[in-house]
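Coordinate inspection notes
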2 protein chains.
Amino acid sequence: MNAKPILAIDAMGGDFGPGVIVPGAIQAARELKVKVLLVGDAPQVESELAKLSLGKVEYEIVPASEVVQMHEKPSDILRRKKDSSIQVACRLVKDGAADGVISAGHSGATVACGIFIIGRIPGVERPALAAFLPTEKNPLVVIDAGANVDCRPYHLFQFGLMGDAFARDIFGYPSPRVALLSIGEEEGKGNSQVKEAYELYKMAEHVNFIGNAEGRDIFSGDVDVIVCDGFVGNIIVKMSEGVAFSLMRMLKRELFSGFVTKFGTWLSKPAFKRFTNTVDYAEYGGAPLLGLQGICFVCHGKSNSRAMTNAVKIVATFVEKGTNERMRESIITNEELTRFSRAL
Amino acid sequence: MNAKPILAIDAMGGDFGPGVIVPGAIQAARELKVKVLLVGDAPQVESELAKLSLGKVEYEIVPASEVVQMHEKPSDILRRKKDSSIQVACRLVKDGAADGVISAGHSGATVACGIFIIGRIPGVERPALAAFLPTEKNPLVVIDAGANVDCRPYHLFQFGLMGDAFARDIFGYPSPRVALLSIGEEEGKGNSQVKEAYELYKMAEHVNFIGNAEGRDIFSGDVDVIVCDGFVGNIIVKMSEGVAFSLMRMLKRELFSGFVTKFGTWLSKPAFKRFTNTVDYAEYGGAPLLGLQGICFVCHGKSNSRAMTNAVKIVATFVEKGTNERMRESIITNEELTRFSRAL
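Residues numbered from 1 in each chain as written. Chains lettered and ligands numbered in written order. Predicted model: local features only at pLDDT ≥ 70, side-chain atom pairs only at ≥ 80, totals over all residues. Heavy atoms only, no water.

What follows concerns the sheet that holds strand β6 (residues 140-143) of chain A. All names here are of chain A. Taking strand neighbours across the sheet as the criterion, the 11 strands line up as β3-β2-β1-β4-β11-β10-β5-β6-β9-β7-β8 in an open arrangement whose pairing is mixed. In the strand order of this sheet, the two ends are held by β3 (59-63) and β8 (208-213), each with one partner. Between one strand axis and the next, the sheet turns through 25° on average, direction left out of account. Here strand β7 (residues 177-181) pairs with β8 via four bridges, running parallel. Bridging across to β8, Val178 finds its partner in Phe209. Here helix α5 (residues 107-118) sits on the sheet and contacts β4 (100-103), β5 (128-133), β10 (286-290) and β11 (295-299); the angle it forms with β11, its principal contact strand, is near 175°. (Pairing = 2+ DSSP bridges. Helix = DSSP H or I, 4+ residues; strand = E, 2+ residues; numbered from the N terminus. Axes fitted to C-alpha atoms, helices over the stretch in contact; angles between N-to-C directions. Contact = heavy atoms within 4.5 Å.)

If you want it as structure tokens, here you go:
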């Protein structure tokens, strides 16, 4: 398990295509000393590689003839585009040739191929996306960030177990504070799924469940893992990506409205730059799909090289720490509870 | 309808009690030339009034002997505390002695008393809370902000009709852009309730439905009314209250980390102050419960006099414009659609 991680990169994915993905992957491979398999149209990948200095970087080109279009349905891609870069990349994991997949392409297709080609960890009901949000203190894991729209209570329960394992290994939190996102802190507040999931968490083993969290707790930094269904998770993650930039634009409008404040703002420019870096989602690059026999990292379509490097770093840490093993153990330890809830 | 509005104020509600509510209500009555009925413990209300100059302000004290505690259940308050200030205030509307209620007390109790004492507009399935969020452009109405946790598609449909009427009258939007909050802009994205509600909106009359909105659209100002269930709505409203202040704290940490930036920040101070005012929720004071035969404004517990003045202003405008009549017409015009969806 602890050999050098091998990562399959969907070289064709992303709004900017191989021209951004290939250099990003090569840079990440060099910095982090991992091996990358560049999956996609070989001539295009080669022509991008020709522009780079490749000394000592371990890489391979794995050809894939088809490219996924953004308007296609995930189910169609899964059924019909057998030689698309995302399918080929997922099969590399399935066949043991790679430890994980990274794609900035069609996120629905990436999730579908991850689940149906790589397959789930036995016992995991629904793989889920774990997004990261900056907070006033440490980064927060939001799970599920959009893979599962309609959830049952035991799905919410397993999301927390997976998020817990992930936060321990990736962020090094010794005992992550796991909370259910709801509309009141007290037990008994929330919709029917949340109320039932609360009961499961109370009985769960090896998880530091701290109860319900509210919307206002998301950015405070007092929670480490926030559990919600993929509908709510997708909305809050997209909202928080949008809000930092909207607020900055609103603030800037005020800051540039007079000579003195304008001068003051110019003096404080480095601070604004540092702040923008903190809230920039490229810092994390996207969200991993947890619960697979491997890992599948779904990057933003707009990912740049920095986002790609960060994605590679997270996936490499995940592989090196054996996070899937930790996750599997936690799922098995709490299997009775899951089964009990499913039978209700 | 267009006589001077009479508003029943729950003088006992709010974290700071009559000491803040009474002066806030009197100030609002003076500024906005409305009549206020101060409902609560008469000696306490009188002692607060004694501290104020009351010339020309129209007010009355309406005694109520019981006070609601924050830990009590709404259903218990409704059943047992018949002489609580919130119940007495709602009965004033029911009996035609007041046009609306404003309370900064127990929000669950305020919603319950509003629905069961004041009663619904015929045809309205579920009254809903309409919160306001600052955006980059004009304020946004979020409905439902927390009154209904588990919703059916036709509830989401009626929320939009009510939010539309409200945005027209209160914010003066000639044709408010109404959107369903979902996880993708395309039709067919979302959970099962949203997908079905989408169908209803497409067939609806007299509403400018612009499709789905995503989390990132909330602060852009390109939507006027965002429709969601009360679970999601409560989370996003609380999240946006929290996020502005969290981001400001994060930014300040950067701004105060060196002498030059510190000096620059000091120069830009007025701009920060204006920005903080824009994102401060006291600007709006809380959320009205729409769909009642009257109106019930649920203020934040921490409401100050400014929040109280704003609440009075919104309720007075609501009464003067006859917004309930507009809402009733829209509900009736689209009644067949609601009935059709309910029968599914």
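The next subject is empty space enclosed by the protein. Considering all chains together, one arrives at three cavities of 30 Å³ or more under this definition. A volume near 80 Å³ is recorded for the largest cavity. Around the largest cavity sit Cys151(A), Leu156(A), Leu180(A), Leu181(A), Asn191(A), Gln193(A), Val194(A), Val227(A), Cys228(A), Asp229(A), Val232(A) and Phe231(B), which together line it. (1 Å grid on protein atoms, 1.4 Å probe; cavity = no way out; pocket = protein on both sides within 12 Å on 5 of 7 lines; lining within 4 Å. Points joined across faces, edges and corners; volume = space filled by probe spheres on them.)

Residues and elements named next belong to chain A. Counting buried positions over the five residues of β11 gives five, a clear majority of the element. Of the two faces of β11, both are covered, the one formed by Ile295, Phe297 and Cys299 as well as the one formed by Cys296 and Val298. When β4 meets β11, the two strands line up parallel, connected through four bridges. Considered in β11, the bridge of Ser103 is made with Val298. A loop of four residues connects β10 with β11, the two strands running antiparallel in sequence, and Gly291 in this loop sits at a positive phi of about 105°. (Buried < 20%, exposed > 50% of the residue type's maximum accessible area, 1.4 Å probe, protein only.)

Residues and elements named next belong to chain A. Cis rather than trans, the peptide bond between Ile143 and Asp144 has omega equal to 10°. Looking at the secondary structure, you find Asp144 in the loop between β6 and α6 (153-171). Positive phi values are uncommon outside glycine, yet Lys33 reaches one of about 55°.

Applying the stated rule across the entire model yields 40 salt bridges over all chains. The partner of Glu72(B) in a salt bridge is Lys81(B), with the nearest N and O atoms 3.1 Å apart. Glu72(B) sits in the buried class, given a relative accessible area of 19%. Bridged by salt links that share partners, the residues Asp76(A), Arg79(A) and Arg80(A) form one connected network. (Salt bridge = Lys/Arg side-chain N within 4 Å of Asp/Glu carboxyl O.)

Residues and elements named next belong to chain A. Counted according to the given criterion, the structure contains 14 aromatic pairs over all chains. Ring centres of Phe132 and Phe171 lie 5.5 Å apart, and the angle between their planes is 90°; on these two criteria the pair is classed as edge-to-face. In this pair, Phe132 is assigned in strand β5 and Phe171 in helix α6, connecting sequence segments 39 residues apart. Look at Phe132 and you get buried, because its relative accessible area is 6%. (Phe/Tyr/Trp six-rings, centres within 6.5 Å; stacked < 30°, edge-to-face > 60°.)

Our next topic: α6(A). Over its 19 residues, α6(A) extends 26 Å from the first C-alpha to the last, a length consistent with the 27 Å expected when each residue adds 1.5 Å. Two residues or fewer after α6(A) comes Gly172(A), characterised by a positive phi angle close to 70°. (Expected span 1.5 Å × (residues − 1).)

Relative to the elements of secondary structure, Glu214(B) occurs in the loop between β8 (208-213) and β9 (225-227). Glu214(B) has contacts with Lys238(A), Leu181(B), Ser182(B), Ile183(B), Gly184(B) and Glu185(B), leaving out every residue within four places of it along the chain.

A word on the side chain of Glu72(B). Considering the arrangement of structural elements, one finds Glu72(B) in the loop between β3 (59-63) and α3 (74-80). Discounting chain neighbours no more than four positions away, the residues touching Glu72(B) are Val67(B), Ile77(B), Lys81(B) and His106(B).

This paragraph deals with the sheet that holds strand β11 (residues 295-299) of chain B. All names here are of chain B. In space, the 11 strands of this open sheet follow the order β3-β2-β1-β4-β11-β10-β5-β6-β9-β7-β8, with mixed pairing throughout. Since the sheet does not close on itself, it has two edges, and those belong to β3 and β8, each with one partner. Across this sheet, the average inter-strand angle for adjacent strands is 25°, counted without regard to direction. Here strand β1 (residues 6-10) runs beside strand β4 (residues 100-103); their pairing, made up of three bridges, is parallel. Along β4, the bridge assignment pairs Ile9 with Ile102. Across the sheet, helix α1 (residues 18-32) is in contact with β1, β2 (35-40) and β3; its angle to β2 comes to roughly 165°.

Residue and element names in this part refer to chain A. Together, Met203, Phe340 and Leu344 make up an exposed nonpolar region whose accessible area comes to about 350 Å². As for its position among the elements, Leu344 is in the segment after α13 (335-343). The exposure class of Leu344 is exposed, given its relative accessible area of 64%. (Patch = residues over 30% accessible without salt bridge, like charges linked within 9 Å, V, L, I, M, F, W, Y side chains within 5 Å. Areas by Shrake-Rupley, 256 points an atom, 1.4 Å probe, with all protein chains shown as cover.)

Turning our attention to the state of the cysteines. Residue and element names in this part refer to chain B. Tallying each qualifying case throughout the model produces zero disulfides over all chains. No disulfide involves Cys228; its nearest neighbouring cysteine sulfur is the one of Cys151, lying 8.6 Å away. Taking relative accessible area as the criterion, Cys228 reaches 3% and is therefore assigned buried. Unpaired in terms of disulfides, Cys299 finds its nearest cysteine sulfur in Cys296, a separation of 9.8 Å. (Disulfide = S-S within 2.5 Å.)

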